[in-house]
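So you can see what is in the structure, the chains are spelled out below.
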Amino acid sequence: PQTIYLKDYTPFGYIVEHVDLTFKLHPTATRVLSKIRFTPDTSTSDKMFFLHGEQLKLISAKIDGQEISPSYVEGGLQADVPDTAFTWEAEVEINPEANTALEGLYMSNGMYCTQCEAEGFRKITFYPDRPDVMSVFDVRIEADADNTPVMLSNGNGVSKGEGFATWSDPWPKPAYLFALVAGNLIAHTDQFTTKSGTEVDLAIWVRPGDEGKCAFGMEALKKSMTWDEEVYGREYDLDEFNIVAVDDFNMGAMENKGLNIFNSSCVLASPETATDGNFERIEAIIAHEYFHNWTGNRITCRDWFQLCLKEGLTVFRDAQFTADMRSEPVKRIDDVIALRARQFPEDQGPLSHAVRPESFQEINNFYTATIYEKGAEVIGMLKTLVGDAAYAKALDLYFERHDGQACTIEDWIKAFEDTTGRDLTQFKLWYSQSGTPEVTVREEYNGETFTLHLSQKSAPTPGQDEKHPQVIPVAIGLLNTDGEEVQPTMALELNKAEQSFSFEGHTTRPIASVLRGFSAPVILKQDIDNTRRAFLLAHDTDPFNRWEAGRDLARDSLLGAILEGAPHNAAYLDGLKALLCDETLDPAYRALMLGQPSQSELAGVIHKMGQIPDPAAIHTASEALRDAKARAFADMLPDLYAKNQVEGPFSPEAGPAGKRSLANAALALVTRLDGGATASQQYAHADNMTLQLAALSALIDAGKGASALQAFYDQWQSDRLVMDKWFSLQVMHAKPADSATVARTLTQHADFEMKNPNRFRSVMGILAMNHAGFHHQSGAAYALLADWLIKLDPVNPQTTARMCSAFQTWKRYDAHRQSLIKEQLERIATQSNLSRDTSEMVGRILD
Ligand code: DPP
Ligand code: ZN
């Protein structure tokens, strides 16, 4: 396969003035008629007229009304065109029903649906399918009125009647934001009035039967619209905003202009069927896609190397939104847990790539935690460095200067440089240098001056042997021995390999709290003892670092148990107990305190220490720490559980959700003591999914899940999203030696559907997340996953390729496991007709 390089970027050479599309929908033979007005771009010299097109049957092509015979080339066609403005017309035929890759126009449960990001539009018609070609689109959809009464596209509805609808989108957009949905759909509607008084019709379109699961998503949408007006000064710009829920979808959701398409799991929710976690995620994704209207759509990307320009910024914006709607510290802790679980392993293994990569074979493989989550961290650091006021001014300038354009990271950085007068050249290394920097802290005190000696270092990553010092904002605070803040939070700017920062006038030795709020995506190395950590756990005024102190204690306790067979740390358990009882603390925060590093994270830490992680030992120690917690907190757990029961009707808001998460965390520990008695009671009385699922998990862990699992199945059999949970839960809670068997048995279940990405992931994705089960020494789980990836690849390359990353950490493990994994990777790699997506992923992992 061909490698594409950022340095090779050239503009298209033509301007697309206008696009007219007519769709004659048919499940196996849809006709797409296009009429596109092109003008030569006088600012460019290269005038090769090339249109992308894949899997299209060309019926006819015309230039200025004259039938032509274009020449087919790899990935599209070329034609001789006039050197003045001209009109291209084509008719193509496509087969939506045969499209199981879910890219382009496809069918999901009888409904027509599109996914065009990144390069799906070329499977709909011949077009310059690149994000820097922006145009206005008019769309006419024709379909059988009985089966397909609702027909939607981007922009505003213009007309509709028996068997047709027309849409017009006045905002120039790249083809990746094109969307069409048609089928038998029902709308949950509402209205929103923008700050300047425009009335916007809002609708969430679903399959009949799902209309009762839209209210929460609609509220989230309205909150997002208000928030973006208030915080970023951004208003919505069309008369309607439509959201559609689709069952078969490769991603979470897609920000198509005026017509967002959602994986149904990321929009549909009711108290009975969705957990608090689902509600929070739905709120965040609705916000994310809506915020793309400005950061992504009005200002888009010049090329796909700039993906983080829209994704990093939009993730950052949705995180700010969630922090405002819920709890800032809880959101920050959740995000850092996710960053360490998903982005750190990526950045420390063979798939490591820069936030703005310099080459790719298949862009779909770069919708990664690095581009999204590390991309968001980079925005957060920039905001910390320039300050809130300058950040707001720079954003205003960015919107004003680049509205309607396809931009680069250089444009983005320039807006900050012009606002602040600062040279951000070194900061830009965050976009080009891959890997996770390590920051080492050493303290010095001489009776008056307290000094922090900071140093930074990055390990080599694929293609980058040498690293340069980056600009790292290290937020710190100083406490006295009574736990009072003697230096409020301030950001130190580490921009050299080694640097010292002194604080004068401290007549007693202060206690440093370093990297507050996780101010940079780095690994902090600080040689402090458990007494100091216990002090910070009890007293740190920064909620993130207070949580982090507990996390570090848990990690060291686990490492001691895993590597040296040491008993668990009593100071950690005592400190934690005091916190759990502290009712001045938010229950959601206390629930997070009760957590511990995941087994996979521990494996990563052990590997970084230069040792070989043993998944079985990590599993045993993790379980033992939970047992130790249950015993140490035995006297207060029933009270903690009882005090955090929520009375009254279900509300998904942060307050009650936090109480449920603490009560459910207590339940998991109580179950270790009472063998499942409390959990069965909770299961029997649960009137919402959050309580029902937590009780079911606890029962499975106690070895008493069989009858509840059957009851759950009987109750929810007809609800696809709840059935996904039923599948995942069994794999997630399977004992290490049973995991592969449990997963294999589930793939034989009548309700297992390989073609539905959610269902596939709920078994195979979860298997990869059951650390001790996936890495069981038998190698059975490796082989099972590889079998299924081989089966899925011809059906859905994008989902297959993404799931190959389950193997990315393979070099952490012992020689036996490495050879087992390598064998599977090679087996995948040598399949004939392997997709470009999967072949790139496996190649990079094996490299
Ligand atoms: N652009 C989509 C999203 O992040 C994913 N394709 O939001
Ligand atoms: Zn996005």
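Note that this is a predicted model, so its numbers are computed, not measured.

1. What about the overall build of the protein?
Thought 1: Along the backbone of the protein there are 27 helices and 31 strands.
Thought 2: Here the C-alpha atoms of the protein give a radius of gyration of 27 Å, agreeing with the 29 Å that 2.2 N^0.38 yields for 847 residues.
Thought 3: With the C-alpha coordinates of the protein rotated into their principal frame, the extents come out at 85 × 65 × 60 Å.
Thought 4: Per-residue burial for the protein yields a buried fraction of 50% across its 847 residues.

2. Things to note about the domain arrangement of the protein
Thought 1: Entries for the protein in the domain assignment read domain 1 (1-98 + 113-178), domain 2 (301-432), domain 3 (441-459 + 468-520) and domain 4 (717-847).
Thought 2: Centre-to-centre separation of domain 1 and domain 4, based on C-alpha positions: 36 Å.

3. Focus on the sheet that holds strand β8 (residues 76-78)
Either a parallel or an antiparallel arrangement is found when strands of a sheet pair, and the pairing is made through backbone hydrogen bonds.
Thought 1: In spatial order, the strands read β4-β8-β7; together these 3 strands make up an open sheet with antiparallel pairing. Edge strands, defined here as strands with exactly one partner in the open sheet, are β4 (50-52) and β7 (71-73). Recorded for the sheet is a direction-independent mean angle of 30° between the axes of neighbouring strands.
Thought 2: Two elements, β7 and β8, share 3 bridges in a ladder whose sense is antiparallel. Residue pairing across strands places Ser71 opposite Gln78, the latter belonging to β8.

4. Description of the nonpolar core
Thought 1: One finds Leu180, Val181, Ala182, Ile261, Val474, Leu767 and Leu785 to be the most contacted residues of the largest nonpolar core, which totals 235 residues.
Thought 2: Beyond its immediate stretch of four places on either side in the chain, Ile261 contacts Cys113, Gln115, Ala179, Val181, Val244, Val246, Ala253, Met254 and Asn256.

5. Notes on the UniProt feature "domain: Aminopeptidase N-like N-terminal" (unreviewed entry) in the protein
Thought 1: The feature "domain: Aminopeptidase N-like N-terminal" (unreviewed entry), as annotated in UniProt, sits at residues 17-177 in this numbering.
Thought 2: The straight-line gap between the two end C-alpha atoms of residues 17-177 is 17 Å; of that span, 0% is helix and 52% is strand.

6. A word on the sheet that holds strand β26 (residues 450-457)
Thought 1: Ordered in space as β29-β26-β25-β31, the 4 strands form an open sheet in which the pairing is mixed. The open sheet has two edge strands with one neighbour each: β29 (498-503) and β31 (523-526). On average, each strand axis in the sheet is tilted by 25° relative to the strand beside it, whichever way the strands run.
Thought 2: Across 4 bridges, the pairing between strand β25 (residues 438-445) and β31 is parallel. Residue pairing across strands places Thr440 opposite Lys525, the latter belonging to β31.

Rules of the game
- Residues numbered from 1 in each chain as written.
- Chains lettered and ligands numbered in written order.
- Predicted model: local features only at pLDDT ≥ 70, side-chain atom pairs only at ≥ 80, totals over all residues.
- Helix = DSSP H or I, 4+ residues; strand = E, 2+ residues; numbered from the N terminus.
- Rg over C-alpha atoms; globule rule 2.2 N^0.38 Å.
- Buried ≥ 20, exposed ≤ 12 C-beta atoms within 10 Å, placed from the backbone.
- Domains from an automatic or database assignment.
- Pairing = 2+ DSSP bridges.
- Axes fitted to C-alpha atoms, helices over the stretch in contact; angles between N-to-C directions.
- Core = buried A, V, L, I, M, F, W, Y, C linked by C-beta atoms within 7 Å.
- Contact = placed C-beta atoms within 7 Å.
- UniProt positions renumbered as here; feature names shortened; annotations may be inferred.

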